[in-house]
Each structure stands twice: as structure tokens, then as C-alpha cells.
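# Breakdown of the fold
The lines below spell out each chain.
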Amino acid sequence: MSHYDVAILGGGSAAEAAGELLVAGGRSVVVIEERYVGGECPFLSCMPSKALLHAASSGMSWQEAVVFRDEIAQHQDDSGHAKTMQHNGIELVRGRGVITGPGRLLVADHVIEWHDLVIATGAAATIPPIDGIGDVEIWTSEDALTLPEQPGTLLVLGGGPIGCELAQAYARLGSEVTLIEVADRLLANEPKHVGEILTEALRHDGVEVLTGTSVERVEPDGDGVIVVLDDGDRVEGDRLLVAVGKRPRTTGLGLESLNITPRDNGALEVNGQGRVAGSVWAAGDVTALAPYTHGANTTARIVARAILGEDARLDLRAMPRVVYTDPTVLCVGDTTGGTGVVTAFADVSDTARAHIEKSRPGRVELFADLERGVLVGAAAIGPHADDWAGQLVLAIQAEVSLQDLADTVQAFPTYAEPLQPAYLDLIRQRAERSG
């Protein structure tokens, strides 16, 4: 039996971020992880997907891309992360942790006692209940980012960030790709222009994009698969990649022993400090609040600070949502518009930088609060938007006034230049409506 001030279930980025702060604050910390220390991001998702996208845009062959991808993913060797964790003073226990009651959990036959428990078990790919899907071999993003096989034809189910990124990467590397999305556009949770521009970009790369289309059933076809669509069309492929979302990992943890019940979507409900109940906390994808690595790090730091007695609060108003396709997408804040909100567009394609680089089309939509005169949301798609649109994240977080934003000098020639006239447009609209 071992006792720790804080036990963290799950050894991903949230555990790393929280653990480091907690140890620095004088707490004894143990992390329990049954798979990869460091989580999925370095080995199965973020890093290998960005590596594959870079390889595809750099003209590498599939074989070269796989070598590069696997090097970036450290060949799924988590020893470096484990050593860093232990170097930072965090105890590491490998295995599956199951909560057995207040203040106790079990890893194999090892009993661990805790004062505070942080649940950071992440999320797993969701497989939709489509007729016949259990009769065929399917891929999740993990398969697409670890296996050496390149399908001649790849069917991608889901037009969210993962589906779009992998569709583009595989298409650029030589696969024939069909992307199927039930919503009427890609990235359906973002403003319309984002999905429209991205659709054209994917089609330019050879991806057949089918939006507003659902799958009725899936059938085996030798070593391949046939997808039957809602209009009766049949699409054949060598592999079916399912990328329709993820579900928090909360089953089998023993939460019932603490009288904790996840929400219908599997997520743990937390308060503004990340507290689930009593001395139980949650951070990262298991909360479904900000399902990104930077979201996991942010929520984990808030939890750690709260455990240390600080009055730290979750503030996700300016959490960036990024899709690393070409062109890149960065959305942040509230982009739904509505009463009391004014909007302005900026065309990235008209910049001198776009003319020089002959880049793909891009556009930014800004959303401002009419009464307060500050940005509340932004949706950018364009070359390197993940870099130059970062100022929009800061503007929303710090509630910078529209006038200060308009007075900020945008360097020439950059993709950020059109932001200035867009800020001025928002100021004009605000004056007209208040006058």
C-alpha cells in the first residue's frame, strides 16, 4: 500500500502539466497509466498527423512519409516521457487503475491511497452504430497514423478536423480518397465560409467530398469494403477510416464507488475549477470541454492550482480550435453571432503575401460585441492561419478594444494585413448602430 497527496488516473499531457505544478507546490504525486506515458498526442494523434501532413506537402513518397512519421512519433517509445515525469518528482505506476472507494484505488494488486484524485483518462474513437460496420475491418485515426499500409482507395467517414486532415494527407500521398460527412458542410460547428473553402481545397487535392450524405450500411468486399449511402449509391474502398468523434474514457474506472455518474456523452461534469465532487477532479478530454492537447494542459493547470489552494478558474472563452490542413483553420471564441454582435470579413487572398506565394484562398470572419466594443469570436482559414491568427486569441482573452486592435500595426507583407480594415469596419458598424 502506498499513499500520495494526489493520484492522477491517466498519464497524458494533462497528467504531465498537473503533476509538475503539484510537485512544485510540495505535493506527492503518482500517475497511473496503462498505455502510453505522454498520452496519445506524441505517438498516435497530434504529432504523427502533423508529420504526415508535412510529408505530404513536401513531396515525399509514401515510404518516406512513413519513415518520417514514425520518427516524429518516436516509434511509440514513451520512455523519454516516463523519464521526464520521474525526473520531475512524479511517481509512475504502469497498469490499469480502478477506483475502489473514497481515497483508494487499485492497480493490479497494488493499493494506492490518495487525498485528491485527478481523472485524466482522455477519450477514445467513437464507432457509429451503422448496419454491418462490425462485419468489416475498419480504421480509426490510430490505425491511419501508425500502420505502414497505404490503401489504394480510402473512404473517410467524418468531416471534422481528424477526417479532413487525414483525407488531405492520404490524397496528397497518392491514395484515392472519398470523404463522407452527414452535415451539409465540413467542420459543421464552425462558420459556413470555413467549410466551403476547405471543401474546395480538398477537392483540388483530389478528394471526393460528399456532404449532406449519410451511410445506410457497410458491406465487406473481399479484403475491402463497400459503403452504401442514403441515396442508394455504393462506394468501394480498400479501407474505411471512421473519424466521427471521440467519447471520454470513463467506463470501467470504478466511478460508481464514489457515487459519480458521467453525463450521457461519457464526460465528467466539472465546476469552474475542474472539480467533479469532493476531492475528485478531472482534466483534459475526459471532460469534453476543450478536446485538444492545449486544452488538456490548460484545464490540468487550473486543477493543479485549485488543489494547491489557489482561486484558479477555468476560462475557455479564447480556447483556439485548429485544423492543420492546407489552408489551415483557426477558430476561437463564440462564432455563432446573434443579437448584439457585429461581424466583418477580411479576405486573405488579396494580400501581397498571398500574391507572392500564390497561396490558396483564405478568409477571416470577426465577431464583436456591440456594447463592449471587443472581439468575442473569430474564424480564420488561410495559409499559416495557426500562426498569424494567434493575435485574435489574445484579443479575445484580454478583451482588447477594437480601437486598440485597429491601431495595432500589421507588418507588410503578411497574411494578417486584412485584419486592420476588418477592425475598422467593426468600429464603423458599432458607431452606426449606437448613433
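Regarding its fold elements, the protein presents 14 helices and 23 strands. A compact globule built from 435 residues should have a C-alpha radius of gyration of about 22 Å, and the protein, at 23 Å, falls within 12% of that. Taking the principal axes of its C-alpha atoms as reference, the protein extends roughly 65 × 65 × 40 Å. Among the 435 residues that make up the protein, the fraction classed as buried is 53%. Surface summary for the protein: the accessible area is close to 19000 Å², and the carbon and sulfur share equals 48%. Between the centroid of the 33 positive side chains of the protein and the centroid of its 62 negative side chains there is a distance of 4 Å.

A word on helix α14 (residues 419–434). Given 3.6 residues per turn, any residue in an α-helix points the same way as the ones three and four places further on. For α14, built from 16 residues, the straight-helix expectation of 22 Å at 1.5 Å per residue is met to within 8% by its first-to-last C-alpha distance of 23 Å. Of the residues making up α14, those classed as buried are L419, A422, Y423, L426 and Q429. Looking straight down α14, one finds its buried side chains confined to an arc of 120°; they lie on one side. Packing partners of the buried residues in α14 comprise β21 (341–347), β22 (363–369), β23 (374–382), α12 (390–398) and α13 (402–407).

Bringing the side chain of S13 into the picture now. The residue S13 is located in helix α1 (residues 13–24) in this model. Take S13: its relative accessible area is 15%, and that puts it in the buried class. There is a polar contact of 3.5 Å between the side chain of S13 and the side chain of N297. Leave out the neighbours within four places in its chain, and S13 touches G38, T293, A296 and N297.

With six of its eight residues buried, strand β1 (residues 2–9) lies for the most part within the structure. Of the pairings in the sheet, the one linking β1 to strand β2 (residues 29–33) comprises four bridges and is parallel in character. Counted as the bridge partner of A7 is V30 from β2. For the segment spanning β1, α1 and β2, crossover handedness is right-handed.

Moving on to α12. Taken as a whole, α12 has its buried residues at L392, V393, A395 and I396. For α12, the buried positions fall inside an angular range of 165° around the axis, keeping them on one side. Lining the buried residues of α12 we find β20 (328–333), β22, β23, α13 and α14.

Let's shift gears to the packing of aromatic side chains. Enumeration over the complete set of coordinates arrives at three aromatic pairs. Considering the side-chain rings of W62 and Y170, the 5.2 Å spacing of their centres and the 45° angle between planes classify their relative orientation as tilted. Of this pair, W62 sits in helix α4 (residues 62–72) while Y170 sits in helix α7 (residues 161–172), and the two are 108 residues apart along the sequence. In this pair, the class of W62 matches that of Y170, namely buried.

This next bit is on the sheet that holds strand β14 (residues 234–237). Strand order in the open sheet formed by three strands is β12-β13-β14, with antiparallel pairing between adjacent strands. Looking at the sheet topology across the chains shown, the edges are occupied by β12 (215–221) and β14. With direction set aside, neighbouring strand axes in the sheet form an average angle of 20°. Relative to strand β13 (residues 224–229), β12 is paired through six bridges, and the arrangement is antiparallel. Within the sheet, the bridge partner assigned to V218 lies in β13 and is V227.

With that out of the way, let us pick up a negative patch on the surface. On the surface, E216, D230, D231 and D233 cluster together to form a negatively charged patch. Along the chain, D231 falls in the loop between β13 and β14.

This paragraph deals with the pairing of strand β11 (residues 208–211). When strand β10 (residues 176–181) meets β11, the two strands line up parallel, connected through four bridges. Opposite T178, over in β11, you have E208 as the bridge partner. The handedness of the β10 to β11 crossover, carried by helix α8 (residues 192–204), is right-handed.

Our focus in this paragraph is unusual backbone geometry. Of note, the bond from D326 into P327 is cis; its omega dihedral lies within 30 degrees of zero at 5°. Take P327: it is sitting in the loop between β19 (321–323) and β20. Cis peptide bonds are those with omega within 30 degrees of zero, and the linkage from F412 to P413 qualifies with -5°. By the element assignment, P413 lies in the loop between α13 and α14. For A288, which is not glycine, the phi dihedral falls at a positive 60°. Along the chain, the position of A288 falls in the loop between β18 (280–282) and α9 (293–307). Since its relative accessible area comes to 38%, A288 is described here as partly exposed.

Once that is clear, we can look at the nonpolar core. Formed by 35 residues in total, the largest nonpolar core has its most connected members in L52, Y170, V177, L179, L202 and V207. Ranked by residues supplied to this core, first place goes to α7 with six residues. Beyond its immediate stretch of four places on either side in the chain, Y170 contacts L52, W62, W139, A144, E149, Q150, P151, L154, S175 and V177. Residues V342, A368, A380 and L402 belong to the second largest nonpolar core, which totals 31 residues.

Cut-offs used in this document
- Residues numbered from 1 in each chain as written.
- Predicted model: local features only at pLDDT ≥ 70, side-chain atom pairs only at ≥ 80, totals over all residues.
- Heavy atoms only, no water.
- Helix = DSSP H or I, 4+ residues; strand = E, 2+ residues; numbered from the N terminus.
- Rg over C-alpha atoms; globule rule 2.2 N^0.38 Å.
- Buried < 20%, exposed > 50% of the residue type's maximum accessible area, 1.4 Å probe, protein only.
- Areas by Shrake-Rupley, 256 points an atom, 1.4 Å probe, with all protein chains shown as cover.
- Lys, Arg positive; Asp, Glu negative; His and termini not counted.
- Charge placed at Lys NZ, Arg CZ, Asp CG, Glu CD.
- Expected span 1.5 Å × (residues − 1).
- Arc of directions from axis to C-beta.
- Contact = heavy atoms within 4.5 Å.
- Polar contact = N/O pair within 3.5 Å; in protein donor to acceptor, adjacent residues only side chain to side chain.
- Pairing = 2+ DSSP bridges.
- Right-handed = clockwise from strand over helix to strand, strands pointing away.
- Phe/Tyr/Trp six-rings, centres within 6.5 Å; stacked < 30°, edge-to-face > 60°.
- Axes fitted to C-alpha atoms, helices over the stretch in contact; angles between N-to-C directions.
- Patch = residues over 30% accessible without salt bridge, like charges linked within 9 Å, V, L, I, M, F, W, Y side chains within 5 Å.
- Salt bridge = Lys/Arg side-chain N within 4 Å of Asp/Glu carboxyl O.
- Core = buried A, V, L, I, M, F, W, Y, C linked by side-chain atoms within 4.5 Å.

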